[in-house]
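A look at the structure
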Amino acid sequence: MNGWILAATVELGGGGAAALWGVTTGPPARRVVAQNMTTSALCPALLLLSQGYGRPSYVDLALLLALLGPVGTLVFARLLSDDLEGGRPSAWALTWTAAGAGAAVVTAVCVATGPGRAMVKVLVIGALLIFGNVIASRALSGGLRGVRGG
């Protein structure tokens, strides 16, 4: 086991367990926020596992997850808008913490890969991951018109 795999295990253990607990318990508002945070936990873990095992295909999975995760959250927010009207979920501290952790992982992986096409792909994943989850969190808290009826 190397440092990359250990970091991915910590990421999956901490972030994945918290997201799983949030998805399986509580009101719909907390469940949707936890579903959004699942992307923030799994995508950096895939980048770390890609480095740890030397498998570039894991980076492609991270790219797909970073693209589709926030879109799925927006779809859930739209479909469950009536259930979410009672209490607007707010997870700004969690969102920015996850964004900071994602940025740290993306920076570490970029340093490890060095300049080139792979680094550009990792930077795109980082941008999609951070900005997508921030936009999805804003939509969940009622900040985007037409998504939550705000």
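Predicted model only: the values in this text are computed from it and were never measured.

Another aspect to go through is the confidence of the model for the chain. For the chain, the mean per-residue pLDDT works out to 86, and 91% of the residues sit at or above 70. The spread of mean pLDDT over the elements of the chain runs between helix 4 (residues 81-84), the lowest at 76, and helix 6 (residues 117-140), the highest at 91.

Tallied over the full model, the rule gives 1 salt bridge. Across the salt bridge formed by Asp60 and Lys121, the nearest N and O atoms sit 2.6 Å from each other. With Asp60 in helix 3 (residues 57-79) and Lys121 in helix 6, this residue pair connects regions lying 61 residues apart in the sequence. Judged by its relative accessible area of 30%, Lys121 falls in the partly exposed class.

Before going further, it helps to examine the environment of Leu65. Tracing the backbone through its elements, the reader meets Leu65 in helix 3. Relative accessible area serves as the criterion here: at 24%, Leu65 is assigned to the partly exposed category. As for Leu65 and Gly14, which are separated by 51 residues in sequence, their C-alpha atoms are 19 Å apart. Those residues in contact with Leu65 that sit more than four places away from it in its chain are Thr39, Leu42, Cys43, Leu46 and Pro70.

How each quantity is defined
- All residue numbers refer to position in the chain's written sequence, counted from 1.
- At least 70 in pLDDT is required for a residue's local features to be given in this predicted model, at least 80 for side-chain atom pairs to be given and counted, and no such filter applies to totals for whole chains, interfaces and linings, which use all residues.
- By convention in this description, side-chain values take in all heavy atoms of the structure and omit both hydrogens and water.
- The predictor's confidence in any single residue is recorded as pLDDT, a number from 0 to 100.
- Note on conventions: DSSP H or I runs of at least 4 residues are helices, E runs of at least 2 residues are strands, and numbering of each starts at the N terminus.
- Any Lys or Arg side-chain nitrogen found within 4 Å of a carboxyl oxygen on Asp or Glu counts as a salt bridge.
- Whether a residue is buried, partly exposed or exposed follows from its accessible area with a 1.4 Å probe, protein chains only, as a fraction of its type maximum: under 20%, in between, or over 50%, in that order.
- Any two residues having at least one pair of non-hydrogen atoms within 4.5 Å are treated as being in contact.

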